[in-house]
Amino acid sequence: MKPVIQAENLSRFYGIVMGLNNVSFSIGAGLTGLVGPNGAGKTTLIRLITGQIRPSAGRLQVFGQSPWDRPRILGRIGYCAEGDSLHDSLSPMDWLTALGQISGLDRALARKRANTVLEQVGLAADRRHKSIAGFSKGMKQRVKLAQALVHD
């Protein structure tokens, strides 16, 4: 099976500052976490993978293509950002259903997927139709993780 993400001698510099230096790896399908100390290049790597920035050197492929300026490729990757990017006035069900539809799912399937992933991340059923604005940080984290999974 081909890797979802493959990097060969990947580097990114910001002027004379090194953000990522000569990294090679491959990532297959499934869930992957990225951990490391401050300054290790995690944010730079995510920005490269999501096509927000281009590499200074090396090669990066996502589903066999460069991620730069290819939103259809990126639509196949679930990403749970560090910061909150939730619509507080919506419920998790409404928010995730809308995101599923943006990813190309019809409304019924998007709603079904939203319910499935909210169950997977452990958000209580009685909270799925309440406004996200009243959620604790931990509950918001569950919704963010569901957001990364909803489009399957």
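Our subject is the structure listed above.
A few points on the structure. (Residues numbered from 1 in each chain as written. Predicted model: local features only at pLDDT ≥ 70, side-chain atom pairs only at ≥ 80, totals over all residues. Heavy atoms only, no water.)

Bringing unusual backbone geometry into the picture now. We note that Asn-22 has phi near 55 degrees; this positive angle belongs to a residue other than glycine. Assignment of secondary structure puts Asn-22 in strand β2 (residues 17-27). Despite not being glycine, Asp-69 has its phi angle at roughly 60 degrees, a positive value. As for its placement among the helices and strands, Asp-69 is situated in the loop between β3 (57-62) and α2 (71-74). (Helix = DSSP H or I, 4+ residues; strand = E, 2+ residues; numbered from the N terminus.)

Moving on to the nonpolar core. The biggest cluster of nonpolar side chains holds 16 residues, and the ones touching the most others in it are Trp-95, Leu-96 and Val-143. Contributing elements (two or more residues each) for this core: α3 (92-102), α4 (107-120) and α5 (137-149). The element that contributes the greatest number of residues to this core is α3, accounting for 4 residues. Setting aside residues up to four positions removed in sequence, Leu-96 forms contacts with Ala-114, Val-117, Leu-118, Val-143, Ala-146, Gln-147 and Val-150. (Core = buried A, V, L, I, M, F, W, Y, C linked by side-chain atoms within 4.5 Å. Buried < 20%, exposed > 50% of the residue type's maximum accessible area, 1.4 Å probe, protein only. Contact = heavy atoms within 4.5 Å.)

Locating Asp-106 in the fold gives a position in the loop between α3 and α4. A relative accessible area of 48% places Asp-106 in the partly exposed class. Taking C-alpha positions, Asp-106 is 28 Å from Gly-83, a pair spaced 23 residues apart along the chain. Here the side chain of Asp-106 touches Leu-109 through a polar contact of 2.9 Å, landing on its backbone nitrogen. (Polar contact = N/O pair within 3.5 Å; in protein donor to acceptor, adjacent residues only side chain to side chain.)

Here we take up α5. The terminal C-alpha atoms of α5 lie 19 Å apart, and with 13 residues this matches the ideal 18 Å at 1.5 Å per residue to within 8%. Of the positions making up α5, those classed as buried are Met-139, Lys-140, Val-143, Lys-144, Ala-146, Gln-147 and Ala-148. The inward-facing, buried residues of α5 contact α3 and α4. (Expected span 1.5 Å × (residues − 1).)

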